[in-house]
Amino acid sequence: MTPEIIKRLFPNPLPTISEIEGRYPLRTLPSGAKVTRVAPSPTGYMHIGGIYAGLVSERIAHQSGGVFFLRVEDTDQKRKKEGAQEVICNSLSRYGIIADEGVDIDGNDFGLYGPYTQSKRKEIYQAYAQKLLADGLAYPCFCAAEDLDLMRKIQEKQSQRPGYYAKYAHCRSLSDDEIIANLDAGKPWVLRFKSGGNNEKKMLIKDLMKGEINMPENDLDIVILKSDGLPTYHFAHVVDDHLMGTTHVIRGDEWVSSVPLHIQLFVALGWKAPKYGHYAPLQKLDNGNKRKLSKRSDPEANIVYFWEKGYPEDALVEYLFNLINASFEDWRRLNPDKKAFDFPLNFNKISNTAGALFDFQKLHSISKDVVARMTAEEVYDAVLNWAKEYKSDFAQRLIEHKDYYISILNIERNIGKKSRKDIVKWEDVEADTSYFFDDTFSVDLASYANELNLTIEDMKKISSEFKALFNVNDDKNAWFEKIKMIAQNHGFATEMKAYKENPSLYKGNVSDVANVLRILITGRTQSPDLHAIMQVMGTDKVLSRL
Ligand code: GLU
């Protein structure tokens, strides 16, 4: 390619390669330190897989004393959405995925290897594209969309591999004169990489997650610069991860087939390629079959789903760590008080070939444990934060009755193994605690009487007798002795053993009596510790319920 043609393709002055390399010195890091990144596109949508990849990348870097950064990949300007930067930053920070360098919520860079938004790096990509052109490793392509469509149809018809290669790479062999004529005619152009690969030959790729894979070399002359002057993902990835010193690229496995091309680009530019790890998409069970969690049909693929439902952030992090390394669970059992981020993630044990199954049951059980480890005040604050965003009337109630709510949340909390484990997500708390308030309390006595095989009359008798005996200062033993007494007075067995031996002698047993009280007080047959509930409600409310 003549310098004149290069000048016509890139008329504006570009920084020189040595200038650019000077701006991105080699990182000085301790030996073994890894540099990783997350590289979301600002589409306004964060897939839960993005958080998974973010956690893996953050841990790899920080566990090794390295650097973790955020790069915003916005070269596809059509997909860019208003407010997307906020979604990216909030999604990561909520889950403790904190970048050392990158772009903040206002779009400002922090760190020395920026800019970290690709659209601000246009000149850098162009400088390297120009270099490839000068080295004879790239060429302008003037094929119009219709030409490429026609090519595709022919390839399909002749059962040929699709793409711009070999005889289909029309513009690869344009002469300088033809190029000049096209430029004179004002034809739009893209820049293509001139691949030296042979599709018949295989190359061995060592993937950090998938292991060794044999893949054909790339022989496609892919587009590296689009007609708007911005790079494609492939080119931007190679240039950025080189300049920014990335050592380990963790990304979705939709990119695994591009690795031969990426390695080729690294070689063409004279650079060392990073190590790659491709994770398979998270799966879900659908009618007994495993399938990919899909952006289109599964609301839970979107991270916002977990915010709206109020899943505690720590629970999701613990759950994802558990998916990343199955040994997390044992570690957690041995280290109940440590932070999830203290878990030594074993990079070699990420088994991800099949795609981890996103299992809500498991998430819920982890979430219950996480919430059980929190103090009542912490739960209150978290629920309030959630409600302020998603349920303002509930937030109002939480604020008005702060102390009451904290005592409610404190029932059976932080008492070791027997701690209450009923809260999964903040969304549930309002309904779970509704019976503590008269305006949201209701009870269907008749159906419960039926369920317990008692009459309303029986229930009334139990109620009035307990009402007469109730003293909020009774400790649990004294309180239970009173219930036993009532049981005895009304023909219920006071001991389970006696009841089981001779059920026909009794109306029921002492737990039925307690259940009658539970129903009257809470409107339900399942509740946390009834004695504690009565203490929290206080004398007036208990008596009025009875
Ligand atoms: N922007 C790319 C994506 O969203 C990132 C892939 C990568 O991490 O390199 O898929």
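Just above, that's the structure.
Calculation notes
- Residues numbered from 1 in each chain as written.
- Predicted model: local features only at pLDDT ≥ 70, side-chain atom pairs only at ≥ 80, totals over all residues.
- Heavy atoms only, no water.
- Helix = DSSP H or I, 4+ residues; strand = E, 2+ residues; numbered from the N terminus.
- Buried < 20%, exposed > 50% of the residue type's maximum accessible area, 1.4 Å probe, protein only.
- Contact = heavy atoms within 4.5 Å.
- Polar contact = N/O pair within 3.5 Å; in protein donor to acceptor, adjacent residues only side chain to side chain.
- Near = heavy atom within 4 Å.
- Areas by Shrake-Rupley, 256 points an atom, 1.4 Å probe, with all protein chains shown as cover.
- Nonpolar A, V, L, I, M, F, W, Y, C, P; charged D, E, K, R; others polar.
- Expected span 1.5 Å × (residues − 1).

For Arg8, the location among the structural elements is in helix α1 (residues 3-9). The class of Arg8 is partly exposed, set by a relative accessible area of 39%. With 176 residues separating them along the chain, Arg8 and Asp184 place their C-alpha atoms 9.9 Å apart. When sequence neighbours within four positions are dropped, the list of residues in contact with Arg8 reads Ile180, Leu183 and Asp184. Side-chain polar atoms of Arg8 contact the side chain of Asp184, separated by 2.7 Å.

The environment of the ligand is formed by Arg37, Ala39, Ser41, Glu73, Tyr233, Arg251, Glu254 and Trp255. Within the side chain of Arg37, a nitrogen or oxygen atom sits 2.7 Å from an oxygen atom of the ligand. Within the side chain of Glu73, an N or O atom sits 2.8 Å from a nitrogen atom of the ligand. In isolation the ligand has 300 Å² of accessible area, and contact with the protein removes 81% of it. Residues that form the shell around the ligand fall into these classes: 3 nonpolar, 1 polar and 4 charged.

This paragraph deals with unusual backbone geometry. Between Gly114 and the following residue, Pro115, the backbone shows a cis peptide bond with an omega angle of -5 degrees. Examined against the element boundaries, Pro115 turns out to sit in the loop between β4 (109-110) and α5 (122-134). Positive phi values are uncommon outside glycine, yet Ser159 reaches one of about 50 degrees. Structurally, the position occupied by Ser159 is in the loop between α6 (145-157) and α7 (176-184). By relative accessible area, which is 67% here, Ser159 ends up exposed. With phi around 50 degrees, Asn287 is a residue other than glycine that occupies positive phi space. Here Asn287 shows up in the loop between β12 (283-286) and β13 (289-292). What makes Asn287 exposed here is its relative accessible area of 75%.

In this model, helix α22 (residues 510-522) (13 residues) spans 18 Å end to end at C-alpha, consistent with the 18 Å of a helix rising 1.5 Å per residue. Along α22, the residues classified as buried are Val510, Asp512, Val513, Ala514, Asn515, Val516, Leu517, Arg518, Ile519, Leu520, Ile521 and Thr522. Capping of α22 at its N-terminal end is provided by Asn509; its side-chain oxygen lies 2.7 Å from the backbone amide nitrogen of Ser511.

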